[in-house]
Amino acid sequence: MLQNEAEKTIKRIQAQKGVEGVIVVNAEGIPIESNLDHQRTLHYTYNFQQLLARTQKVMKDLDPQNEATLLDVQTEKNNILVSTDKDYFMIAIKNPREGP
Amino acid sequence: MAEVEDTLKRIQSINGVIGTIVLNAEGIPIRSTLDNSTSVQYAGLLHQLTMKARGTVRDIDPQNDLSFLRIRSKKHEIMVSTGVKYA
């Protein structure tokens, strides 16, 4: 039941205009869902997992009771959102020119 | 410098803003509305994180660059704007 809900949500986000890609990564750091090609998926997963880990460390250093829930990386070309909850995280790549 | 002061005042006067720090190119806080030790701590950690984020962006696409970084946490939100001279 829960898996179905999750899949529907992911598909809905992936179908949004302007969304270039969505990657869902599990607790082991393995991408379990992606609409990008394998190489790009791995590249993004590895890089953003590292950045997310670093971000969490910074947040814990500033306040041991706090932790990051969303990392919003805005670049000149696009927007990469890294959302995290417990052990999973999700990467969404958005193109600002199109979509909402 | 006046421009920096004006920007700082403007941001700090927005409802919900707890603190504003302006860093120079070396990551040293040159203006802040927070106390010195907090400013230095935030500046140090976030400057490093911003460098790492920039590196990540360039790694994925060498033609791209970081322009803004936003960290949403349970308690608050930290926003880092990367300018040419200041951050």
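Because the structure is a prediction, the values reported are computed rather than measured. Every residue gets a number counted from 1 within its own chain, in the order that chain's sequence is written. Throughout, the order in which chains and ligands are written sets their labels, letters from A for the former and numbers from 1 for the latter. Confidence filtering applies because this is a predicted model: local features only for residues at pLDDT of at least 70, side-chain atom pairs given and counted only at 80 or more, and all residues used for totals across whole chains, interfaces and linings. For side-chain calculations, the full set of non-hydrogen atoms in the structure is used, while hydrogens and water are omitted.

### Points about the overall build of chain B
Thinking step 1. Only DSSP runs of H or I covering at least 4 residues are called helices, and only runs of E covering at least 2 are called strands; the numbering of each starts at the N terminus. When helices and strands are tallied, chain B shows 2 helices and 4 strands.
Thinking step 2. Counting from the amino terminus, helix and strand elements in chain B follow one another as α-β-β-α-β-β.
Thinking step 3. In this setup the radius of gyration rests on C-alpha atoms only. A globule is expected at 2.2 Å times the number of residues raised to 0.38. The C-alpha radius of gyration of chain B comes to 13 Å, within 12% of the 12 Å expected for a compact globule of 87 residues.
Thinking step 4. Oriented by its inertia axes, the alpha-carbon framework of chain B measures out at about 35 × 35 × 25 Å.
Thinking step 5. Across the 87 residues of chain B, 34% fall into the buried class.
Thinking step 6. Counted over contacts in chain B with a minimum sequence separation of 6, partners at least 24 positions apart contribute 28%.
Thinking step 7. When the accessible surface of chain B is summed, it comes to about 5300 Å², and 53% of that surface belongs to carbon and sulfur atoms.
Thinking step 8. Charge centroids of chain B, computed over 11 positive and 9 negative side chains, lie 6 Å from each other. Buried means the residue's accessible area, taken with a 1.4 Å probe over protein chains only, is under 20% of the maximum for its type, while exposed means over 50%, and partly exposed covers the values in between. Only heavy atoms enter the contact rule, under which two residues are in contact if any of them lie within 4.5 Å. Per-residue and other accessible areas follow the Shrake-Rupley method at a 1.4 Å probe size, with only the shown protein chains counted as cover for residues. Residues counted as positive are Lys and Arg, residues counted as negative are Asp and Glu, and His and the chain ends are not counted. Think of each charge as sitting on NZ of Lys, CZ of Arg, CG of Asp or CD of Glu.

### Looking at the packing of helix α2 (residues 38-62) of chain A against helix α2 (residues 36-60) of chain B
Thinking step 1. Running from amino to carboxyl end, α2 of chain A crosses α2 of chain B at an angle of 175 degrees, the nearest separation of the two axes being 10 Å. In terms of axis orientation, α2 of chain A runs roughly antiparallel to α2 of chain B. Of the residues in α2 of chain B, those touching α2 of chain A at His43, Tyr44, Asn47, Phe48, Gln50, Leu51, Arg54, Thr55, Val58, Asp61 and Leu62 of chain A are Gln41, Tyr42, Leu45, Leu46, Gln48, Leu49, Lys52, Ala53, Thr56, Asp59 and Ile60 of chain B.
Thinking step 2. Here the contact of α2 of chain A with α2 of chain B is composed, by residue class, of 11 nonpolar, 7 polar and 4 charged. Angles run from 0 to 180 degrees between N-to-C directions of axes, and those axes are lines fitted to C-alpha atoms, restricted for helices to the stretch in contact. Roughly parallel here means an angle under 35 degrees, roughly antiparallel means over 145, roughly perpendicular means 65 to 115, and every remaining angle is called oblique. Three categories are distinguished: nonpolar for Ala, Val, Leu, Ile, Met, Phe, Trp, Tyr, Cys and Pro, charged for Asp, Glu, Lys and Arg, and polar for the others, with Gly belonging to the last.

### Remarks on unusual backbone geometry
Residue and element names in this part refer to chain A.
Thinking step 1. With a phi close to 55 degrees, Lys86 is a non-glycine residue in the positive phi region.
Thinking step 2. Tracing the chain through its elements places Lys86 in the loop between β4 (79-85) and β5 (88-94).
Thinking step 3. You can call Lys86 exposed: its relative accessible area is 72%.

### Section: the nonpolar core
Thinking step 1. We call a set of buried residues a nonpolar core when its members are Ala, Val, Leu, Ile, Met, Phe, Trp, Tyr or Cys and they connect through side-chain atoms within 4.5 Å of each other. Residues Phe48, Val73, Ile80 and Ile91 of chain A together with Ile71 and Ile78 of chain B are the most contacted members of the largest nonpolar core, which totals 32 residues.
Thinking step 2. Discounting residues that sit within four places of it in the chain, Phe48 of chain A has contacts with Val73, Ile80, Val82 and Ile91 of chain A together with Thr56 and Ile60 of chain B.
Thinking step 3. Counting residues in hydrophobic clusters, the runner-up holds 5 residues, among them Ile10, Val19, Val22 and Ala92 of chain A.

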